[in-house]
Amino acid sequence: MSQKRIAAIHDISGFGKCSLTVALPICSAAGIETCVVPTAILSTHTGGFKNFTFHDLTDEIMPIAEHWKAQDFKFDAFYTGYLGSKKQIKLVEKAIDTLKSEDSIFICDPAMADHGKLYVGFPKGFPLGMAELCKKADIIVPNITEAVMMLGREYVEGPYTKEYIEQLLSDLYALTGAKIVLTGVYFNDIKLGAACYDGENVSYVLADKIDVMFHGTGDVFASALTSALMCDRNLVSATEIAVNFTCESIKTTLKQNPERRYGVNFETEIPTLIKLLGLDDGE
């Protein structure tokens, strides 16, 4: 079987584990050739750091895509995350249209908000632009804040009811037509995880709730999910792997009494991911 190849379209934060500094090592560890389109270079991510540098690479997106097209490069999947502007959303959509084949899939993590608030620097209308990109995707991976913002609704705090989550999934599917992995789902203070919806069936993947917040865990989750999908796991199985890998990464990090802004120690848990994917030769 030939090696799978994906195009990961994210920013690069030099410090603070998120975006490409998460996607590239996780997907590569899963045996996937991971080609990158950097949308911006930041000195740190934007969560909790002040005076970070930001170098916009918007003007490089289409030249990269056109060069790849001229070289006849083929991709099994496209995986997008944090995009810095509405203009980038349109250009990423154009780039994927340029490169996408009939057999490739598009996985979109609409990384723009959490805990009821947009990330620093995004205008109020940004979620509507991201919703348009999600309409092009085969699978989307929003958290609850991102989901309600794309639907133009007010954010409400959990715990949630299954009726609320399933209505959210149904409405988001009607809006985008994409399969959904909704993160940040919890019905009590004991379990937390994700809900999957393929347009017909809803499945829940929940783990013991760890009452702590680290930056970059959404990127760890979405990268592990993408890796599992590229290893031919179905949506529910891929979500189980992503939930378990993310939880183990958080547990490992907590043992080190870390600075929360720096992200999680997913690197130490790479062998866990390999095992979850069934790629360890010794078993």
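Remember, it's a predicted structure, so these values are computed and weren't measured experimentally. (Residues numbered from 1 in each chain as written. Predicted model: local features only at pLDDT ≥ 70, side-chain atom pairs only at ≥ 80, totals over all residues. Heavy atoms only, no water.)

Draft legend 1. Just the packing of helix α7 (residues 217-230) against helix α8 (residues 235-254), in detail. Two elements in contact, α7 and α8, have axes whose closest approach is 8 Å; the angle formed by their N-to-C orientations is 140°. Judged by the angle between their axes, α7 and α8 are oblique. Handedness of the crossing formed by α7 with α8: right-handed. Facing α7, whose interface residues are Thr217, Val220, Phe221, Ala224, Leu225, Ala228 and Leu229, α8 presents Leu235, Ala238, Thr239, Ile241, Ala242, Val243, Phe245, Thr246 and Ile250. Its residues assigned to classes, the contact of α7 with α8 comprises 13 nonpolar, three polar and no charged. (Axes fitted to C-alpha atoms, helices over the stretch in contact; angles between N-to-C directions. Helix = DSSP H or I, 4+ residues; strand = E, 2+ residues; numbered from the N terminus. Parallel < 35°, antiparallel > 145°, perpendicular 65-115°, else oblique. Left-handed = near helix turned anticlockwise from the far one by under 90°. Contact = heavy atoms within 4.5 Å. Nonpolar A, V, L, I, M, F, W, Y, C, P; charged D, E, K, R; others polar.)

Draft legend 2. Main features of the packing of helix α1 (residues 20-29) against α7. Two elements in contact, α1 and α7, have axes separated by 9 Å at closest approach and are oriented at 30°. Comparing the axis directions of α1 and α7 gives the class roughly parallel. Considering only the axes of α1 and α7, their crossing is right-handed. For the pair α1 and α7, contact is made by Val22, Ala23, Ile26 and Cys27 and by Asp219, Val220, Ser223, Ala224 and Ser227, respectively.

Draft legend 3. Highlighting the side chain of His45. Along the chain, His45 turns up in the loop between β2 (33-44) and β3 (54-56). On the accessibility criterion, His45 (7% relative accessible area) is buried. Here Gly47 takes part through its backbone nitrogen, which lies 3.0 Å from a polar atom of the side chain of His45. Ignoring anything within four residues of it in the chain, the contact list for His45 reads Ser13, Phe15, Gly16, Cys18, Phe52, His215 and Arg261. (Buried < 20%, exposed > 50% of the residue type's maximum accessible area, 1.4 Å probe, protein only. Polar contact = N/O pair within 3.5 Å; in protein donor to acceptor, adjacent residues only side chain to side chain.)

Draft legend 4. Local environment of the nonpolar core. Judged by nonpolar contacts, the single largest core of 49 residues is most densely connected at Cys108, Met130, Leu133, Ile140, Ile144, Ile165 and Leu182. Here this core gets six residues from one element, more than from any other, and that element is helix α3 (residues 86-99). Residues contacting Ile144, with those up to four places away along its chain left out, are Tyr155, Tyr160, Ile165, Leu168, Leu182, Thr183, Gly184 and Val185. Within the second largest apolar cluster, 42 residues are counted, among which are Ile32, Tyr79, Ile139 and Val205. (Core = buried A, V, L, I, M, F, W, Y, C linked by side-chain atoms within 4.5 Å.)

Draft legend 5. Molecular detail of the sheet that holds strand β1 (residues 5-15). The strand order across the open sheet built from nine strands is β3-β2-β1-β4-β5-β8-β9-β10-β11, with neighbouring strands paired in mixed fashion. The open sheet has two free edges, formed respectively by β3 and β11 (202-208), since each of these has just one partner strand. Examined bridge by bridge, strand β8 (residues 139-140) and strand β9 (residues 179-185) share two bridges and lie parallel to one another. Note that in β9 the partner of Ile140 across the bridge is Ile180. Against the sheet, helix α6 (residues 162-176) touches β8, β9, β10 (191-197) and β11, its axis set at about 145° to β9. Along the sheet face, α8 touches β8, β9, β10 and β11 and points at about 15° away from the line of β11. (Pairing = 2+ DSSP bridges.)

Draft legend 6. Up close: the packing of aromatic side chains. The final tally for this structure, using the stated rule, is eleven aromatic pairs. Both rings, one in Phe122 and one in Phe126, keep their centres 4.1 Å apart while their planes meet at 10°; by these two values the pair is stacked. Each member of the pair, Phe122 as well as Phe126, carries the same accessibility label: buried. In textbook terms, an aromatic cluster arises when at least three aromatic residues are bridged by ring pairs, as seen for Phe15, Phe49 and Tyr262. Taking NZ or CZ as reference, Lys209 lies 4.1 Å from the ring centre of Tyr186, over its face. (Phe/Tyr/Trp six-rings, centres within 6.5 Å; stacked < 30°, edge-to-face > 60°. Lys NZ or Arg CZ within 6 Å of the ring centre and 35° of its normal.)

Draft legend 7. Quick look at the pairing of β2. Where β1 meets β2, nine bridges bridge the pair, whose relative direction is parallel. Residue pairing in the sheet places Ala7 in a bridge with Cys35 of β2. With α1 bridging β1 and the parallel β2, this β-α-β connection has right-handed handedness. Pairing of β2 with β3, which is carried by three bridges, proceeds in the antiparallel orientation. Opposite Ile41, over in β3, you have His55 as the bridge partner. (Right-handed = clockwise from strand over helix to strand, strands pointing away.)

Draft legend 8. Fine view of α1. Those residues of α1 lying buried are Leu20, Val22, Ala23, Ile26 and Cys27. Relative to the axis of α1, the buried residues are bounded by an arc of 155° and lie together on one face. Residues of α1 that are buried sit in contact with β1, β2, β4 (77-80), α7, α8 and α9 (270-276). Directly beyond the C-terminal end of α1, a positive phi value near 85° is found at Gly31. (Arc of directions from axis to C-beta.)

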